[in-house]
Amino acid sequence: MKFFVDTADTKAIRELNELGMVDGVTTNPSLIAKSGRDIREVTKEICEMIPGPVSAETVALDAEGMVAEGRELAKIADNIAIKVPLTWDGLKACKVLSGEGRMVNVTLCFSANQALLAAKAGATFISPFIGRLDDINLDGMQLIADIRQIYDNYGFQTQILAASIRSANHMSEAAKIGADVATAPPNVIKAMASHPLTDKGLEGFLKDWAATGQKIL
Ligand code: E4P
């Protein structure tokens, strides 16, 4: 499973990238707002750092506007994936932009039917939002499984990009189901390394080591 980082915080992206943990980046209008930076400037910096796909989202509501914004965002770098919402107009824009050979990430997906339409429209990535479904007591992970089954039934090449990931468990569950990509905030990726038994075990080893009075260096 590829790891994308869901942030526009370049310092956090750099830190994870130094460990080889970053295959791509996703941003959205809220994350750009949170960064406090200009969309072109921050997205360009991310694209220069990460060779993989970097999603930048359109904000127009009509297909024509999304296509125009998508083409503009694509000028930032060759590795831009244009993000459009899963509306009827978003699907139209996806069809046009993917037909031009551009990477398109169809976002705000909350049902298997929406994912089916995105694949038919030529999406490079479909972004089902796990956490936001869980927030309203629906099963976000089941949606990933349903889309996996449907895409595999028909050999759709659209990559399942598990999004709105809120916990380390979401990462392993998405990987077990076979999501192609998971995008997560930096703190979730770091949390994957934590286990209380690791901490406890380390504490015990260090205590016993101290009692020997030895030194390695
Ligand atoms: C995905 O591309 C979105 O940017 C993101 O995963 C949304 O996550 P949230 O529901 O935690 O805001």
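Keep in mind it's a predicted model, so treat the numbers as computed, not measured.

## Some thoughts on the packing of aromatic side chains
Part 1 of the argument: Enumeration over the complete set of coordinates arrives at four aromatic pairs.
Part 2 of the argument: An angle of 75° between the planes, with centres 5.7 Å apart, marks the rings of Phe 4 and Phe 125 as edge-to-face. In this pair, Phe 4 sits in strand β1 (residues 2–6) while Phe 125 sits in strand β6 (residues 125–128), placing the two residues 121 residues apart along the sequence.
Part 3 of the argument: Judged by centre distance (6.3 Å) and plane angle (50°), the ring pair of Tyr 154 and Phe 156 falls under tilted.
Part 4 of the argument: For Phe 156, a relative accessible area of 22% puts it in the partly exposed group.
Part 5 of the argument: One aromatic cluster is present, formed by Tyr 151, Tyr 154 and Phe 156 through successive ring pairs.

## Details of the packing of helix α8 (residues 140–154) against helix α9 (residues 168–177)
Part 1 of the argument: Where α8 contacts α9, the axes come no closer than 10 Å and their chain directions differ by 20°. As far as their axial angle goes, α9 and α8 are roughly parallel. For the element pair α8 and α9, the recorded crossing hand is right-handed. Across from Met 141, Ile 144, Ala 145 and Arg 148 in α8, the residues of α9 making contact are His 170, Glu 173, Ala 174 and Ile 177.
Part 2 of the argument: Tallied by class, residues from the contact of α8 with α9 come to five nonpolar, one polar and two charged.

## Let's talk about the state of the cysteines
Two cysteines, two sulfur atoms, one covalent bond between them: this is a disulfide.
Part 1 of the argument: Applying the stated rule across the entire model yields zero disulfides.
Part 2 of the argument: Looking at Cys 47, it has no disulfide partner, and the nearest cysteine sulfur is the one in Cys 94, 19 Å off.
Part 3 of the argument: Free cysteine Cys 109: the closest other cysteine sulfur is in Cys 94, separated by 12 Å.

## Things to note about the nonpolar core
Part 1 of the argument: In this structure, Val 84, Val 106, Ile 126, Ile 147, Ala 162 and Ile 165 are the most contacted members of the largest nonpolar core, which totals 56 residues.
Part 2 of the argument: The residues contacting Ile 126, other than those within four sequence positions of it, are Leu 86, Val 106, Cys 109, Ala 115, Ala 118, Ile 147, Tyr 151, Thr 158, Gln 159, Ile 160 and Leu 161.
Part 3 of the argument: Phe 4, Ala 81, Phe 125 and Val 181 belong to the second largest nonpolar core, which has five residues in total.

## Observations concerning the environment of Met 192
Part 1 of the argument: Its location among the elements puts Met 192 in the loop between α10 (186–191) and α11 (196–212).
Part 2 of the argument: For Met 192, a relative accessible area of 35% corresponds to the partly exposed category.
Part 3 of the argument: Apart from residues lying up to four places away in sequence, Met 192 is in contact with Phe 3, Ala 168 and Met 171.

Reading the values: the criteria
Residues numbered from 1 in each chain as written. Predicted model: local features only at pLDDT ≥ 70, side-chain atom pairs only at ≥ 80, totals over all residues. Heavy atoms only, no water. Phe/Tyr/Trp six-rings, centres within 6.5 Å; stacked < 30°, edge-to-face > 60°. Helix = DSSP H or I, 4+ residues; strand = E, 2+ residues; numbered from the N terminus. Buried < 20%, exposed > 50% of the residue type's maximum accessible area, 1.4 Å probe, protein only. Axes fitted to C-alpha atoms, helices over the stretch in contact; angles between N-to-C directions. Parallel < 35°, antiparallel > 145°, perpendicular 65-115°, else oblique. Left-handed = near helix turned anticlockwise from the far one by under 90°. Contact = heavy atoms within 4.5 Å. Nonpolar A, V, L, I, M, F, W, Y, C, P; charged D, E, K, R; others polar. Disulfide = S-S within 2.5 Å. Core = buried A, V, L, I, M, F, W, Y, C linked by side-chain atoms within 4.5 Å.

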